[in-house]
Each structure stands twice: as C-alpha cells, then as structure tokens.
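# Structural characterization, general
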Amino acid sequence: EGVAGVVGHFNTSCTIPASDVYFQASIPMITPSSTNPQVTLRGYPNVFRVCGTDDQQARVAARFTVETAKAKRVAILHDNTTYGKGFADFYKAALEGKAEVTYYGGIVQGDLDFKATLAAVKDARPDCWFFGGMYPEAAKLVKQARELGLTATFLSGDGTFDPEFLKIAGRASEGAILTFGPDLERLPTARAFLEAYHKKYGPHGAYSVYSYDAANVLLAGMAEAKTTDGEKVCAVLRAREHEGAFGKIAFDQKGDVKLAPYICWKVVDG
C-alpha cells in the first residue's frame, strides 16, 4: 500500500512478528516502546527503537533492590508474555550472587484473581517482590497483595509506568518502585513538546514523547535522504545524530539508542 515507514509497535510480542514483514519489504520501523533485546538482535537493518532495553532497565532495578532497598530475599513474577517474562529473566540474572530469589513464577495476562499465587509469594518471605508485565495486572497484584498482608516493596518496570496503574491500584500503589526514563519536566529539550501536547491533548502518556521522537527521526531521515526508499532512509537513520525531545538520539549498529538512561520512580501520595 506504499507505506514509507512505521512508528510502532507498542508491545514486543507484536513488534517482533511485524518487523519480519517490514524487513521483507525494506520498510523502516522505529518502535517507541518495545524493550525486549530480541527486537534488534536479529540483524534487521530496518529496525530501530528510541527507548532502552529490558536488560538495561533490569540492571537498574536489580541495583536498586540490592543497594537501596538492601533486600536479601526477592520474589519474581511475570505475565508469561515476551516482554514480561523476558524482563523478569533479565532481572533474575542481574540479581545472581547478590540476593536470593525465594520465589519465581508466572501469571496469566487477563486473569482477575491472583491471590493463590500471592499467598505463595508471601510464604516465601521476600524483602522485595518484582513483576515483569503490564499495568492492568500490576495494579490488581498490588491491591490483592495488600489485602493478603504482603508488605514487601513492590518493583516493576516501564509496562507498569502508566497513570492507570495509580488509578486502578489506588492506595495499594503507594511506595511502588518503577523503572522508567527521566523526568520530562526537567528536560529543557522536551519543554516545547510538552506545552504543545498538553494544550492540544491534555496530559501526556508514558510513551507520547518516545512516539513523537520516533516520528520526527523517521521524517528527518526521509528529508535528508531525499527519498522514501527504505534502504537509503535506514542508512541515514543509522549514520546521523538526531535531535529529539529527549535530546540527542543516535543509533548503534543494531538499531538501539546508544544512550538509554533509566531511573527509579517511587509512588508517593498517589
């Protein structure tokens, strides 16, 4: 149908099979949010991402667990998706030799009742418990954990970093630690984007600015290549440094951003 480029997809489990199609058609693809390393490890020259990777944020989460939370015993849950299980496995690997994993298991995405699993987690007596997955399940998990008296520190990642997590979980979200990118409000390069976005659409989402940067990088690549030919556009994307709301964006040979800063966010007063 003449598509010249794709900004997407959101979830890794969609991005990986879709990218096979784009590779065959030489269509540039920039995902704003798919963080599983496998997205860029298959050697496709047309695949890029403007976010970081799960192994990067897992190392940040593990460092918080050990150095800041001082946890000795850790429980790990995931939602059995490509993203969730992959993230949990990277977190588990990053903890090796630094903390004891006393529980490791999966849940089913879309389920409503996790109390049996959470009872087992509680019995494992963790100092911290981690979830690799998305915000709907994370919100239900922390609510039901509080009901069961599981008071250990809850950790999760970018899939949970969404206003809906706070809305669904309510007070149970208090104290949760989530890995995500830096505070946009403190980035001078993001100021113009935030003002324009808020004026037109209201509050921005977790990946609004990533999608904005992905689109602009793609359009700038086409402009510099003076064509929408996929191979030529991809060569430009890989070769040049781009200006974005996040600042300078440059890709390595895999298509990953060279600098992917993750920090830990804490839920305080909702």
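Residues numbered from 1 in each chain as written. Predicted model: local features only at pLDDT ≥ 70, side-chain atom pairs only at ≥ 80, totals over all residues. Heavy atoms only, no water.

## Considerations on the sheet that holds strand β3 (residues 47-49)
- One open sheet holds the three strands; their spatial order is β1-β2-β3, and the pairing between them is parallel. Both edges of this open sheet fall to β1 (6-7) and β3, since each of them pairs with a single strand only.
- Pairing geometry for strand β2 (residues 29-31) and β3, over three bridges, is parallel. Among the inter-strand pairings, methionine 29 is bridged to a residue of β3, identified as valine 47. (Pairing = 2+ DSSP bridges. Helix = DSSP H or I, 4+ residues; strand = E, 2+ residues; numbered from the N terminus.)

## A closer look at the pairing of strand β7 (residues 153-156)
- Pairing of strand β6 (residues 128-132) with β7 involves three bridges; the strand directions are parallel. By the bridge assignment, phenylalanine 130 is partnered in β7 with leucine 155.
- With two bridges joining them, β7 and strand β8 (residues 177-180) adopt parallel strand pairing. Pairing of leucine 155 across the sheet is with isoleucine 177, part of β8.
- Crossover handedness for the path β7 to helix α6 (residues 163-169) to β8: right-handed. (Right-handed = clockwise from strand over helix to strand, strands pointing away.)

## A few points about helix α3 (residues 82-95)
- Taking 1.5 Å per residue as the helical rise, α3 with its 14 residues ought to reach 20 Å, and the 20 Å between its terminal C-alpha atoms agrees with that figure.
- Of all the residues in α3, the buried ones are Tyr83, Gly84, Gly86, Phe87, Ala88, Tyr91, Ala94 and Leu95.
- Within two residues after α3, glycine 97 carries a phi angle of roughly 80°, on the positive side. (Expected span 1.5 Å × (residues − 1). Buried < 20%, exposed > 50% of the residue type's maximum accessible area, 1.4 Å probe, protein only.)

## Digging into unusual backbone geometry
- Residue histidine 9 is bonded to the preceding glycine 8 through a cis peptide linkage, with omega at 0°.
- Positionally, histidine 9 belongs in the loop between β1 and α1 (12-25).
- Here asparagine 80, not a glycine, exhibits a phi torsion of approximately 65°, which is positive.
- A positive phi angle, close to 50°, is found at arginine 125, a residue other than glycine.
- Along the chain, the position of arginine 125 falls in the loop between α4 (115-123) and β6.
- Judged by its relative accessible area of 55%, arginine 125 falls in the exposed class.

## Digging into the pattern of salt bridges
- Tallying each qualifying case throughout the model produces 13 salt bridges.
- Between arginine 186 and aspartate 183 there is a salt bridge, with its nearest N and O atoms 3.5 Å apart.
- Note on arginine 186: relative accessible area 70%, which makes it exposed.
- The partner of lysine 248 in a salt bridge is glutamate 241, and the shortest N-O contact between them spans 3.9 Å.
- Of the residues examined, lysine 248 reaches a relative accessible area of 55% and is grouped as exposed. (Salt bridge = Lys/Arg side-chain N within 4 Å of Asp/Glu carboxyl O.)

## Quick notes on the packing of aromatic side chains
- Tallied over the entire structure, the rule returns 17 aromatic pairs.
- When the ring of phenylalanine 161 is compared with that of phenylalanine 180, the centres are 4.1 Å apart and the planes differ by 5°; the resulting orientation is stacked. With phenylalanine 161 in the loop between β7 and α6 and phenylalanine 180 in strand β8, the pair connects residues that are 19 residues apart, well separated along the chain. In this pair, the class of phenylalanine 161 matches that of phenylalanine 180, namely buried.
- Summarising the aromatic geometry, the rings of phenylalanine 180 and tyrosine 207 are spaced 5.5 Å apart at their centres and angled 80° between planes, so their arrangement reads as edge-to-face. Here the residue phenylalanine 180 occupies a position in strand β8, and tyrosine 207 occupies one in the loop between α7 (191-201) and α8 (208-225), the gap between them amounting to 27 residues.
- Overall, phenylalanine 180 belongs to the buried group, its relative accessible area being 6%.
- When its relative accessible area of 11% is taken as the criterion, tyrosine 207 is described as buried.
- Ring-pair connections join several aromatic residues into one group, and the members of that group are Phe10, Phe161, Phe180, Tyr207, Tyr210, Phe246 and Trp265.
- Over the ring of tyrosine 104 we find lysine 92; its NZ or CZ atom is 5.8 Å from the centre of that ring. (Phe/Tyr/Trp six-rings, centres within 6.5 Å; stacked < 30°, edge-to-face > 60°. Lys NZ or Arg CZ within 6 Å of the ring centre and 35° of its normal.)

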